[in-house]
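One letter stands for each residue in the lines below.
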Amino acid sequence: MTTEPTKKTRKTSTIWGGRFGAGVSGVMEKINASIDFDKRLYAEDIAGSKAHCTMLAHQGIISPEDRDAILAGLDRVSGEIEEGRFTFDAGLEDIHMNIEHRLSELIGDAAGRLHTARSRNDQVATDLRLWLRGAVDEIDRGLRGLQEVFIDLAEEHAATVMPGFTHLQTAQPVTLGHHFLAYVEMLGRDRGRMGDCRKRLNECPLGAAALAGTSFPIDRHMTAEALGFDTPSRNSLDAVSDRDFALEFLGSGAIVGIHLSRLMEELILWCSAQFAFARLSDSYSTGSSIMPQKRNPDAAELVRAKTGRMIGALNSLLTVMKGLPLAYGKDMQEDKEPVFDAAETLIICIAATTGMLKGATFDAQRMRADAGQGFATATDLADWLVRVLKVPFRKAHQITGNLVKLAEDRGCGLEDLSVEEMKSVESRIREDIFQVLSVENSVKSRNSYGGTSPRNVSEAAAEARRRYLAMDGG
């Protein structure tokens, strides 16, 4: 790969070229331009320009005739972009100047009055907030839909027994419905974080100008209201230099990605022959080019991997912002690509996860069989000793450990030991201890608030449906 020699120069930008005698190098033009990625902000940029133009006319800063010409011209520019007839020019650097240049071609000198009392600094901060507000709303809708799938599955599998794990070792029996409701809660917190982010980002920078405000008698509350913001930003320096809202979005998105990645890891394990708990539909599986028998959970693996992109986007922008003095620095041009990429990645990952779960099937028999492996009801046995024989829990833990060792030596489960064998460890054990050693009775007994009993799961799923599916991003 070669780069253009630095001695080659281009015509100085008409945007700011009055101060400069020589043109810019081709390399400078290339590194300086952002139009390849910020062109997606065209709708937000035009909306902000319309609000600003209307306010300028209302305040008597521009004439009604210029206002009408500008608004009509912006509508034409918008139509050209949407119809694919607009030519984006890297020489004009960014979306703001591409639109303004075309507006000037369409309506003449009136276009030059649009930029009165604003700067590209407050303009881009406004555009990005508007774009991100829409992205957060779309992500919230996706998360809500995914919660609904989890709640449906929890209701369907409220009594489906499966092994619960700690350290990826068999711990205690739980229900599949209970497992799914754990993700409902995770996603609920994710939606809350996104909602908090949306509230904080919903302040309007427009009118802060380059950094110090403006001497023109503008009405910032008018533009903020027109664009759906809660309030204008309170400090002009902060307004143009703040990217907290983008960092907060990327942090919240990375946490969503981690939650999805954990689920994907479980699905990948569950779809393996060694677990055989689940099967993904053909729509979300692939085969092998050499091994005809393979059925690969590639969609799950890709969602798991794409979490790295979201974490990387957060780290990228944190690094950009960490040493910047107030107010604006060109470094901030690097804010948009990680935000755009993370948002698009998260949206597709949520959609893929929702599709995978809708089409997945779960083998209740296999889960039930594995739920009893690994002495999963040992804690129930210890609890029985505490509850019935009034043994202190630490002593009950020791007795149960000895019984587990005895069963290991016999090559059987706890439920396969005879009462006489159990009495060799604790003489007061009775026949009714076997009532707590089945996995079904184990999960039924876990009826404390938030526990895994089927009745709890059914009630919790119904409550989650009321609480989360009525919840919006705000």
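Above: the structure in question.
The model shown is predicted, which means the values in this text are computed figures rather than measured ones.

Novice: Sorry if this is basic, but what is going on with the pattern of salt bridges here?
Specialist: Side chains that differ in charge, positive against negative, can pair when their charged atoms come close. A full pass over the atoms with the stated rule returns 33 salt bridges. The salt bridge partner of Arg85 is Glu83, with a shortest N-O separation of 2.8 Å. The exposed category is assigned to Arg85, whose relative accessible area is 53%. Across the salt bridge formed by Arg191 and Asp140, the nearest N and O atoms sit 2.8 Å from each other. Within this pair, whereas Arg191 is found in helix H7 (residues 176-201), its partner Asp140 is found in helix H6 (residues 120-156), the two being separated by 51 residues in sequence. Of the two residues, Arg191 and Asp140, both sit in the buried class. A single network of salt bridges, built from pairs that share partners, joins Glu80, Arg102 and Glu105.

Novice: Looking at this structure, how should I read the environment of Asp196?
Specialist: Within the secondary structure layout, Asp196 lies in helix H7. Assessed through its relative accessible area of 35%, Asp196 is described here as partly exposed. As a C-alpha pair, Asp196 and Ser252 span 56 residues in sequence and 9.7 Å in three-dimensional space.

Novice: Please explain the nonpolar core as it appears in this structure.
Specialist: In a soluble, globular protein the nonpolar side chains are often hidden away together inside. Counting 93 residues, the largest nonpolar core has Phe150, Phe249, Trp270 and Phe362 as the members making the most contacts within it. Look past the residues within four positions of Phe249 in its chain and what remains in contact with it is Leu132, Val136, Ile139, Met194, Cys197, Val339 and Ala343. In this structure, Leu389, Val404, Leu406 and Ile433 belong to the second largest nonpolar core, which totals 20 residues.

Novice: Got a minute to help me understand the state of the cysteines in this structure?
Specialist: Between two cysteines, a covalent bond joining their sulfur atoms is known as a disulfide. All chains considered together, the criterion is met by zero disulfides. Among the cysteines around Cys271, which has no disulfide bond, Cys349 carries the closest sulfur, lying 17 Å off. Since its relative accessible area comes to 25%, Cys271 is described here as partly exposed.

Rules of the game
Residues numbered from 1 in each chain as written. Predicted model: local features only at pLDDT ≥ 70, side-chain atom pairs only at ≥ 80, totals over all residues. Heavy atoms only, no water. Salt bridge = Lys/Arg side-chain N within 4 Å of Asp/Glu carboxyl O. Buried < 20%, exposed > 50% of the residue type's maximum accessible area, 1.4 Å probe, protein only. Helix = DSSP H or I, 4+ residues; strand = E, 2+ residues; numbered from the N terminus. Core = buried A, V, L, I, M, F, W, Y, C linked by side-chain atoms within 4.5 Å. Contact = heavy atoms within 4.5 Å. Disulfide = S-S within 2.5 Å.

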